[in-house]
Amino acid sequence: MTILAWGLAATALACLAVLAAVAARIVRERGQLRRALSTKDGEIERLHDRVWQLAEGEERTRGLVEAQVDLIVQRDAHGRITFANERFAALLGQAREDLIGSDATLSVLERGPAATAPGGGRRIEEAVATADGPRWIEWIETPAIDAAGRPGTLRAGRDMTDRITLERSLAESRSKAEAASDAKSRFIATVSHEFRTPLNGILGMAELILDTRLSPEQTTYVRAIKTSGEALLTLIDEILDFSKIEAGRLDLAAEPFDLQPVVEGVVELLGPKAQGKGIEVAAYIAPDVPRKLLGDGDRLRQVLVNLAGNAVKFTDTGGVGIVVERAADGAIELAVRDTGPGIAPERLPALFGEFEQGDDSATRRHGGTGLGLAITRRIVEGMGGEIRVETAPGQGSAFMARLPLPEADASRPRPSVPRAMAGKDVLILARSPFEAPFLARRLREAGAVVTLTGDPVDALARVAVAPCDLLIADCALGLEIVREVGHEARQAGVARTIVLLSPYDRRDFGAPTAAGFDGYLVKPVRPRSLYERLARSKGEPMQEPGPSRLPGPRRRRPETTARVLLAEDNDINALLALKSLEKLGAIVDWAKNGEEALALTEASFSGVRPAYDLVLMDIRMPVLDGLEATRRIRRLEEALGRREPSRIVALTANAGKEDEVATTEAGFDGLLAKPFEFQALSGLLESARPALAKAS
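Quick caveat: nothing in here was measured; it's all calculated off a predicted structure.

How each quantity is defined
Residues numbered from 1 in each chain as written. Predicted model: local features only at pLDDT ≥ 70, side-chain atom pairs only at ≥ 80, totals over all residues. Heavy atoms only, no water. Buried < 20%, exposed > 50% of the residue type's maximum accessible area, 1.4 Å probe, protein only. Helix = DSSP H or I, 4+ residues; strand = E, 2+ residues; numbered from the N terminus. Pairing = 2+ DSSP bridges. Right-handed = clockwise from strand over helix to strand, strands pointing away. Phe/Tyr/Trp six-rings, centres within 6.5 Å; stacked < 30°, edge-to-face > 60°. Expected span 1.5 Å × (residues − 1). Polar contact = N/O pair within 3.5 Å; in protein donor to acceptor, adjacent residues only side chain to side chain. Axes fitted to C-alpha atoms, helices over the stretch in contact; angles between N-to-C directions. Parallel < 35°, antiparallel > 145°, perpendicular 65-115°, else oblique. Left-handed = near helix turned anticlockwise from the far one by under 90°. Contact = heavy atoms within 4.5 Å. Nonpolar A, V, L, I, M, F, W, Y, C, P; charged D, E, K, R; others polar. Salt bridge = Lys/Arg side-chain N within 4 Å of Asp/Glu carboxyl O. Core = buried A, V, L, I, M, F, W, Y, C linked by side-chain atoms within 4.5 Å.

Focus: the pairing of strand β18 (residues 497-501)
Here comes step 1: Of all five residues in β18, five are buried, a share of seventy percent or more.
Here comes step 2: Where burial is concerned, the two faces of β18 agree: the one with Thr497, Val499 and Leu501 and the one with Ile498 and Leu500 are both buried.
Here comes step 3: In the sheet, strand β17 (residues 470-474) pairs with β18 via four bridges, with the strands oriented parallel. Among the inter-strand pairings, Asp474 is bridged to a residue of β18, identified as Leu500.
Here comes step 4: The handedness of the β17 to β18 crossover, carried by helix α12 (residues 479-492), is right-handed.
Here comes step 5: Here β18 runs beside strand β19 (residues 519-522); their pairing, made up of four bridges, is parallel. Residue pairing across strands places Leu500 opposite Leu521, the latter belonging to β19.
Here comes step 6: After leaving β18, the chain enters helix α13 (residues 503-509) and then returns to the sheet as β19, a path that is right-handed.

Right, here's the structure in full:
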């Protein structure tokens, strides 16, 4: 009951007490009147007036009480009614005069829980039978004393039928909505699984075909198939993600993660697409940003991929820059800026809504579900942060997210910036909106004095007057221009020269030394690569580490042959995995369901078949699913006392947190999401090689 209702009920009870007191006074004064009539005839008229006033006050008090609550009934210690108002009598269908002295009561159909009422007494909810059908009454029951001083009980009630009916209707509607949401989530998860399974075959087979001899025309067609399949996979992932978030199933981890690889990985992931459009993508992390943060690194990566991926998609000239800095209060501030077309002001209010895009016109050039920014906003808010956008038509956009991610280990000293360039003069020749300014900031942090120019003539004039210690030239200015600058700089006595190249430029530029440069850096440039390049002596060859190498998988046969058990019921996916594993030099046995996989594993334990170095187990299979098959394998290993359990990796088209938990609980060592890439299988076999070498 609301505070107002409690107040009204309390007022009603107080009024009843007043009514009882008034009645008692009437009785006393009537007695006084009789005595006065026998002794003081002159006071008859005055006493009559007094009686009239008391009766009027009683009636007024009774009206006030009945206005405060719907129902009033007072009973003595034996349950007999000593007072009842008209509404209570009407509910029983009897005259009020007939109720006095009776034990008439309402038939209770349903009773809610009793509770203590404010100020004492009990609060009781009852569904009672009436001539108009069932009604819900909320009573406040308190002890009461009648005019003669006898104990009893007083009940004041209010008809709450409309409220309770509405509450039950809302609860039922909410239950139905939750059930519908759960059903929708299950449906989308099932559809996602059914989509991802054939997509695994399409993308995998396209990759296998690209590894064969094809004509240029055939290569174009197959690449188009692969690109379209990847675009469809992105849409499916977005829809599934949004479905989980909408259903309140946004799971955010709180575990230490390294921020730098997350940011650099996003930049390197988007690099080929950006460079293919003739734009750049680069990142800068301020030196005071902690390396290890406490939070969900995977979800943060998703935020950056969504924001930077959108920026790359909509930007045709210039580039995209990611900046990570630390606020004064310790929060992490991410900014993704681009030199794209900007967003119209009227689109901003709905920009982070579901199924909204920066351009919703019929002539828009870019597709998509419009869920990326909505998902990003939900993730950022789930982390306790906030996101905003600054943009104007023709002036690019800047999406900024503020995240309160604490440092994972504040006691651990942060790595210092190398001071290899302390006091050195550096000239950067580039018309780059982000990569060159980020390089300049890093070099200044390393102690260098940096000049940035986009004019080759200005750069040559500067080195002719005062040769610098280091010249960095961006190949994006043009191959011939950069070659000429390199030769002139060497002639002018510049101590060291480095050329910036994209993987596409690297093929055409040739050897940097032939163009007058001492080395090169591949864009996007990682701080580690920059500092390693600067630490090397002049003329020392440089091998660019990690993902910044030229694209394309390096496929080699492992030194030791691995035996793999593949449990997969889908023929196409099985063929894809078989061919991929065979290309990696593995010997593969194929089981079409979990029962066959269990039988083959048991045979390997008994020595009937060779032991398996790796088991790839699909989750959804007929006869016996992958989860149960793995549980039985683990129980069998325990019963046999095997010291080194089998390495079992789950294959699944459902790769959410709940799937990871389910596979971990079932005893899997890892999870490989479909569609999987050749490199992922190669990595699994590489991880099995130490055990193979030990066994041999």
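Notes on the packing of aromatic side chains
Here comes step 1: In total, this model carries three aromatic pairs according to the counting rule given.
Here comes step 2: Seen in terms of ring centroids, Phe88 and Trp139 are 6.4 Å apart; in terms of plane orientation they differ by 70 degrees. Their pairing is edge-to-face. Highlighted residues: Phe88 in helix α3 (residues 86-92) and Trp139 in strand β6 (residues 135-145), separated in sequence by 51 residues.
Here comes step 3: Residue class for Phe88 comes out buried when judged on its relative accessible area of 2%.
Here comes step 4: When the ring of Tyr284 is compared with that of Phe438, the centres are 5.9 Å apart and the planes differ by 35 degrees; the resulting orientation is tilted. Placement of Tyr284 in strand β9 (residues 280-285) and of Phe438 in helix α10 (residues 435-445) is noted, with a sequence separation of 154 residues between them.
Here comes step 5: Three or more aromatic residues link up through ring pairs in this structure, and these residues are Tyr284, Phe434 and Phe438.

Quick look at helix α15 (residues 571-583)
Since the α-helix packs 3.6 residues into each turn, any two residues three or four apart lie on the same face.
Here comes step 1: When the terminal C-alpha atoms of α15 are compared, their 18 Å separation across 13 residues agrees well with the 18 Å that a helix rising 1.5 Å per residue should span.
Here comes step 2: For α15, the full list of buried residues reads Asn573, Ala574, Leu576, Ala577, Leu578, Ser580 and Leu581.
Here comes step 3: At the N-terminal end of α15, a side-chain oxygen is found 3.1 Å from the backbone nitrogen of Ile572, two or three residues along, and the residue is Asn570.
Here comes step 4: Positive phi shows up at Gly585, right after α15, with a value of about 90 degrees.

Here we look at the packing of α10 against helix α14 (residues 527-535)
Here comes step 1: Interhelical geometry of α10 versus α14 gives an angle of 55 degrees and a closest axis separation of 11 Å. Taken together, α10 and α14 sit at an angle that is classed as oblique. Between α10 and α14 lies a crossing of right-handed hand. Mapping the contact onto sequence places Leu439, Arg442, Leu443 and Glu445 in α10 and Pro527, Leu530, Tyr531 and Leu534 in α14.
Here comes step 2: Residues of the contact of α10 with α14, tallied by class, amount to six nonpolar, no polar and two charged.

Here's the deal with the sheet that holds strand β11 (residues 319-326)
Sheet strands pair via backbone hydrogen bonds, and the direction of the pair is either parallel or antiparallel.
Here comes step 1: The sheet built from five strands is open, its strands ordered β9-β11-β12-β14-β13 with mixed pairing. One side of each edge strand has no neighbouring strand; the edge strands of this open sheet are β9 and β13 (386-391). Ignoring strand direction, the axes of neighbouring strands in this sheet form an average angle of 15 degrees.
Here comes step 2: Both strand β12 (residues 332-338) and strand β14 (residues 397-403) contribute to a ladder of seven bridges, which runs antiparallel. Within β14, the position partnered with Val336 by the bridge is Phe399.
Here comes step 3: Running at roughly 25 degrees to β9, α10 makes contact with β9 and β11 of the sheet.

Quick word on the sheet that holds strand β20 (residues 563-567)
Here comes step 1: On the basis of which strands lie adjacent, the open sheet formed by five strands has the order β21-β20-β22-β23-β24 and parallel pairing. The strands lining the two open edges of the sheet, one partner per strand, are β21 (587-591) and β24 (670-673). Averaged over all pairs of adjacent strands, the angle between their axes in this sheet comes to 20 degrees, without regard to strand direction.
Here comes step 2: By the bridge criterion, five bridges tie β20 to β21 in an arrangement that is parallel. Among the inter-strand pairings, Leu566 is bridged to a residue of β21, identified as Trp590.
Here comes step 3: Of the strands in this sheet, β22 (614-618) and β23 (648-652) touch helix α17 (residues 626-640), which is tilted by about 145 degrees from β22.

Regarding the environment of Asn310
Here comes step 1: With respect to the secondary-structure elements, Asn310 resides in helix α8 (residues 297-314).
Here comes step 2: When the C-alpha atoms of Asn310 and Gly372 are compared, they prove to be 8.3 Å apart, with 62 residues separating the residues in sequence.

Considerations on the packing of helix α7 (residues 259-276) against α8
Here comes step 1: Put simply, α7 and α8 touch, their axes get as near as 10 Å, and they point 30 degrees apart. In terms of axis orientation, α7 runs roughly parallel to α8. Of the two possible hands of crossing, α7 and α8 adopt the one that is right-handed. The residues of α8 that touch α7, namely those facing Leu259, Val262, Val263, Val266, Leu269, Leu270, Lys273 and Ala274, are Gly297, Leu300, Arg301, Leu304, Val305, Ala308, Gly309 and Val312.
Here comes step 2: Of the residues contributing to the contact of α7 with α8, the split by class is 12 nonpolar, two polar and two charged.

A few points about the side chain of Ser102
Here comes step 1: With respect to the helices, strands and loops of the structure, Ser102 is situated in the loop between α4 (96-99) and β3 (108-111).
Here comes step 2: Among the polar contacts listed, one links the side chain of Ser102 to the backbone oxygen of Leu99, at a separation of 2.7 Å.
Here comes step 3: Within the structure, the side chain of Ser102 is placed 3.5 Å from the backbone nitrogen of Ala104, a separation counted as a polar contact.
Here comes step 4: Beyond its immediate stretch of four places on either side in the chain, Ser102 contacts Arg75, Gly79, Arg80 and Ile81.

Some thoughts on the environment of Asp211
Here comes step 1: Note that Asp211 resides in the loop between α5 (161-210) and α6 (216-246).
Here comes step 2: Residue Asp211 is classed as partly exposed on the basis of its relative accessible area of 37%.
Here comes step 3: In this structure the side chain of Asp211 is engaged in a polar contact, spanning 3.4 Å, whose partner is the side chain of Lys583.

Some thoughts on the pattern of salt bridges
Here comes step 1: Here the structure, examined in full by the defined rule, presents 36 salt bridges.
Here comes step 2: A salt bridge links Arg163 to Glu138; its shortest N-O distance comes to 4.0 Å. On the criterion of sequence distance, the pair formed by Arg163 in helix α5 and Glu138 in strand β6 is long-range, its members being 25 residues apart.
Here comes step 3: When its relative accessible area of 1% is taken as the criterion, Glu138 is described as buried.
Here comes step 4: A salt bridge links Arg291 to Asp258; its shortest N-O distance comes to 3.4 Å. Linking Arg291 in the loop between β9 and β10 (292-295) with Asp258 in strand β8 (residues 255-258), this pair joins segments that are 33 residues apart in sequence.

Focus on the nonpolar core
Here comes step 1: By size, the foremost hydrophobic cluster in this structure holds 52 residues, and its most contacted members are Leu259, Leu300, Leu304, Ile322, Val324, Leu334 and Val336.
Here comes step 2: Apart from residues lying up to four places away in sequence, Leu300 is in contact with Phe257, Leu259, Leu334, Met383, Leu403 and Leu405.

Overview of unusual backbone geometry
Here comes step 1: Between Lys523 and Pro524 the backbone carries a cis peptide bond, its omega angle lying at -5 degrees.
Here comes step 2: With a phi angle near 70 degrees, Val623 is a residue other than glycine that sits in the positive phi range.
Here comes step 3: When you line up the elements, Val623 lands in the loop between β22 and α17.

In short, shape yes, function no, at least from these values alone.
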